[in-house]
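These are the residues of each chain, in order.
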Amino acid sequence: MERIGVLALQGDFERHIKALEKVGASALEIRKAGDLDETTGLIIPGGESTTVSKLLRRYGLDRAIKERFEAGSLAIYGTCMGVIIVSREVRDYPELVRFGFLDIEVERNSYGPQVESFEAPVRVDAGGGPVVFNAVFIRAPRIVSAGPEVRILARYEDYPVLVSQGLCLGGTFHPELTDDGGIHSLFIESFAKKAKRRPA
Amino acid sequence: MEEKGTLRVKVGLAEMLKGGVIMDVTTAEQAKIAEDAGAVSVMALERVPSDIRAQGGVARMADIDIILAIKKAVSIPVMAKVRIGHFAEAQILEAVGVDFIDESEVLTPADESFHIDKFAFNVPFVCGARDLGEALRRIGEGAAMIRTKGEAGSGNIVEAVRHMRSVMGSIRKITQLPDEELMAEAKNLGAPYELVRYVKQNGKLPVPNFAAGGIATPADASLMMQLGAESVFVGSGIFKSEDPASRAKAIVDATTHYKDPKVLAEVSRGLKQAMPGLDIAKIDGKDLLQTRGW
């Protein structure tokens, strides 16, 4: 069984844990660097990027995640806030943690206040033909530009909403708020299983 | 194709705030201090609850200019309070783009019989509750988040503990009931039957369940999280303490690491004075805020 960590500093980590368990993975909460041992995947959930940036730095988790990802032993899936944290550039907020695992520029809270949050069907094509997902966007960021190495798996209107590069998957919407585990399965099968196992 | 203001979208924002601290602020400067300390959201209001308690008078929705100044100062979601039943205040807050509305007993109630129909809005609402029946009545009216009422502005955690234990205890009890007893339980609680069934099947409320009312220290935050809260609201506890920035940061850390006493011990050091507290038994019954609303 694949062991997937969910960053549990703040945000909707519990919903991701339920979604992972539903598709047959073993899920655990990550609050400190040591918690990452034996995981092959890490989900960075939705939450507040200013809060989580501070907590990542306070407890040295930012360095631990970066080391594991760069060694090829940890796949990462960032949703909403998570995609901000794994991006190369965040418009107007240079102080946030940015791992640069995805060569994208994002704009935070790009659709406006909560009354502009929405759900809409999007077509995701990860190679096996398009599949429609009900995508929930909560004060969502927008991916405003993507480099040549970035693969675009789904768009909404004119903007990418699910992208990948190497072992990193990133999306601006929240599959964990629906009952459809398809994107969590995709992360496990096509990303986490490709991460190098660390010697026990 | 695109749908706004659905229950899923409203509850979605409440989910994003889990494991965090929502702080009461009265100025843009305080909002910035709260954001810098790691708050997930700020609650904009004119006076913090302990001042409302001390000064008396009618407490209303905050001045719109203050709310707009706070919205401009921070990037985290901004909440604001309306009086119980005052749907016109809520319409105004929705129009200015507040992210969450607290229909709150801390303000002077506008309607002693009816709470707001929260399904009529695209903006999500949080409401206070003392027990499971009250929580489910508010969810039945469309609330996307529940918080304990506690006793706001008291700096005393005892009422929040009572309310959280009551909600969690009733949930545990319902999960043990046979199906044929659920209707009678709904009648006893004064709660919608469908929501009582949901609680039995899922062992939890259908919306996030946060703590509020009397939290003043990192240990208070940890206590409420260990009792089942999914986030904490801190009202007077931060800006009525001696060193708000350090205390705010410590309560944020305590909420994330609520199960780790070593971290709690570390963050509890060097905080200077907490806000002065009140003995609930010495508050006159008519001055209790928690008995407002039903």
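Just above, that's the structure.
Residues numbered from 1 in each chain as written. Chains lettered and ligands numbered in written order. Predicted model: local features only at pLDDT ≥ 70, side-chain atom pairs only at ≥ 80, totals over all residues. Heavy atoms only, no water.

A. Structural detail: the overall build of chain B. Summing up its helical and strand segments, chain B has 13 helices and 9 strands in all. Relative to a compact globule of 294 residues, whose C-alpha radius of gyration would be 19 Å, chain B shows 18 Å and is just as compact. Overall size of chain B, expressed as C-alpha extent along the three principal axes, is 55 × 45 × 45 Å. The buried share of chain B, reckoned over its 294 residues, is 60%. At a minimum sequence separation of 6, the contacts of chain B that also span at least 24 residues come to 67%. Carbon and sulfur atoms form 52% of the exposed surface of chain B, whose accessible area is close to 11,400 Å². (Helix = DSSP H or I, 4+ residues; strand = E, 2+ residues; numbered from the N terminus. Rg over C-alpha atoms; globule rule 2.2 N^0.38 Å. Buried < 20%, exposed > 50% of the residue type's maximum accessible area, 1.4 Å probe, protein only. Contact = heavy atoms within 4.5 Å. Areas by Shrake-Rupley, 256 points an atom, 1.4 Å probe, with all protein chains shown as cover.)

B. Quick look at the overall build of chain A. Counting its regular elements, chain A contains 5 helices and 12 strands. Taking 200 residues into account, the globule formula puts the C-alpha radius of gyration at 16 Å, and chain A, at 15 Å, falls close to it. By principal-axis analysis of the C-alpha atoms, chain A measures approximately 45 × 40 × 30 Å. Contacts in chain A between residues at least 24 apart in sequence constitute 65% of all its contacts with a sequence separation of at least 6. When the accessible surface of chain A is split by element, carbon and sulfur atoms take 46% of a total near 7,600 Å². Positive and negative charge centroids in chain A, built from 26 and 28 side chains respectively, lie 4 Å apart. (Lys, Arg positive; Asp, Glu negative; His and termini not counted. Charge placed at Lys NZ, Arg CZ, Asp CG, Glu CD.)

C. Seen up close, the interface of chain B and chain A. Listed by partner, the interface residues are 45 residues for chain B and 41 residues for chain A. Together chain B and chain A conceal approximately 3,300 Å² of surface at their shared face, both sides included; 53% is due to carbon and sulfur atoms. It is Arg8(B), Met16(B) and Ser75(B) that lose the most area in chain B upon contact with chain A, and together they represent 21% of the buried surface on that side. Our count for the contact surface shared by chain B and chain A stands at 8 salt bridges. Put simply, Glu119(A) and Arg8(B) hold a salt bridge, and the shortest N to O gap is 3.1 Å. Elements that contribute at least two residues to the side of chain B that touches chain A include exactly β1 (3-4), α1 (7-16), α2 (28-37), α12 (244-256) and α13 (261-267) of chain B. (Buried area = accessible area lost by both parts, 1.4 Å probe. Salt bridge = Lys/Arg side-chain N within 4 Å of Asp/Glu carboxyl O.)

D. Representation of the state of the cysteines in the model. Applying the stated criterion across every chain, the model contains 0 disulfides over all chains. Free cysteine: Cys80(A), not disulfide-bonded; nearest cysteine sulfur from Cys168(A) at 15 Å. (Disulfide = S-S within 2.5 Å.)

E. Seen up close, α2(B). Among the residues of α2(B), Ala28(B), Gln30(B), Ala31(B), Ala34(B), Glu35(B) and Ala37(B) are the ones counted as buried. Lining the buried residues of α2(B) we find α2 (49-58) of chain A together with β2 (21-25), β3 (41-44), α4 (64-73), α11 (236-239) and α12 of chain B. One or two positions beyond α2(B), positive phi appears at Gly38(B), with a value near 110°.

F. Structural view of the packing of aromatic side chains. Inspection of every chain in the model, using the stated rule, returns 12 aromatic pairs over all chains. Arranged with centres 5.4 Å apart and planes meeting at 65°, the rings of Tyr111(A) and Phe118(A) form a pair that is edge-to-face. Of the two residues examined, Tyr111(A) and Phe118(A), each falls in the buried class. On the basis of an interplanar angle of 70° and a centroid distance of 5.2 Å, the ring pair of Phe121(B) and Phe125(B) is categorised as edge-to-face. A residue is classified by how much of its surface remains accessible, and Phe121(B), at 5% relative accessible area, is buried. (Phe/Tyr/Trp six-rings, centres within 6.5 Å; stacked < 30°, edge-to-face > 60°.)

G. Local environment of the side chain of Arg142(A). Residue and element names in this part refer to chain A. Mapped onto the fold, Arg 142 is located in strand β9 (residues 142-146). An unpaired buried charge is present at Arg 142: no salt bridge exists, and Glu 107, the closest side chain of opposite charge, is 4.9 Å distant. In this structure, Arg 142 is in contact with Glu 105, Val 106, Glu 107, Ser 110, Tyr 111 and Tyr 159, ignoring residues within four places of it in sequence.

H. Layout of the environment of Ile188(A). All names here are of chain A. With respect to the helices and strands, Ile 188 occurs in helix α5 (residues 182-190). According to the relative accessible area criterion, Ile 188 is buried, its value standing at 6%. Sequence separation between Ile 188 and Ile 4 is 184 residues, and the spatial gap between their C-alpha atoms is 8.2 Å.

I. Broad picture of the pairing of strand β4 (residues 75-79) of chain A. Residues and elements named next belong to chain A. A large share of β4 lies buried, amounting to 5 of its 5 residues. Going residue by residue along β4, you find Ala 75, Tyr 77 and Thr 79 tucked away on one face and Ile 76 and Gly 78 tucked away on the opposite face as well. Sheet topology places strand β3 (residues 41-44) next to β4; 4 bridges connect them, and they run parallel. Paired with Gly 41 across the two strands is Ala 75, which belongs to β4. Bridge count between β4 and strand β12 (residues 168-171): 4 bridges; the pairing is parallel. If you follow Tyr 77 over to β12, its bridge partner there is Leu 169. (Pairing = 2+ DSSP bridges.)

J. How the structure looks around the environment of Phe121(B). Residue and element names in this part refer to chain B. Tracing the sequence through the fold places Phe 121 in the loop between β5 (100-104) and β6 (125-129). Separated by 27 residues in sequence, Phe 121 and Glu 94 place their C-alpha atoms 7.8 Å apart. If sequence neighbours within four positions are ignored, Phe 121 has contacts with Lys 10, Phe 87, Ala 90, Gln 91, Glu 94 and Ile 116.

K. Representation of helix α6 (residues 132-140) of chain B. Residues and elements named next belong to chain B. The buried fraction of α6 is high, at 8 of 9 residues. By the burial criterion, the buried members of α6 are Leu 132, Gly 133, Glu 134, Ala 135, Leu 136, Arg 137, Arg 138 and Ile 139. Summarising the contacts, the buried residues of α6 are in contact with β6, β7 (145-148), α7 (158-176), α8 (182-189) and α9 (193-202). Where α6 begins, the capping side chain belongs to Asp 131, and its oxygen is found 3.3 Å from the backbone nitrogen of Gly 133. One or two residues past the end of α6 sits Gly 142, with phi positive at roughly 110°. (Polar contact = N/O pair within 3.5 Å; in protein donor to acceptor, adjacent residues only side chain to side chain.)

L. Layout of the packing of α8(B) against α9(B). Residues and elements named next belong to chain B. Where α8 contacts α9, the two axes come as close as 9 Å, and the packing angle between them is 115°. The two elements α8 and α9 cross, and the hand of that crossing is right-handed. Each of Leu 182, Met 183, Ala 186 and Leu 189 in α8 lies in contact with α9, whose residues at this interface are Tyr 193, Val 196, Arg 197 and Lys 200. Along the lines of polarity and charge, the residues of the contact of α8 with α9 split into 6 nonpolar, no polar and 2 charged. (Axes fitted to C-alpha atoms, helices over the stretch in contact; angles between N-to-C directions. Left-handed = near helix turned anticlockwise from the far one by under 90°. Nonpolar A, V, L, I, M, F, W, Y, C, P; charged D, E, K, R; others polar.)

M. How the structure looks around the nonpolar core. Counting residues in hydrophobic clusters, the biggest one holds 157 residues, and the most contacted among them are Leu7(A), Ile65(A), Ile76(A) and Met224(B). For this core, the element with the highest residue contribution is α7(B), accounting for 7 residues. When sequence neighbours within four positions are dropped, the list of residues in contact with Leu7(A) reads Phe13(A), Ile30(A), Leu42(A), Ile43(A), Ile44(A), Pro45(A), Val52(A), Leu56(A), Leu61(A) and Ile65(A). (Core = buried A, V, L, I, M, F, W, Y, C linked by side-chain atoms within 4.5 Å.)

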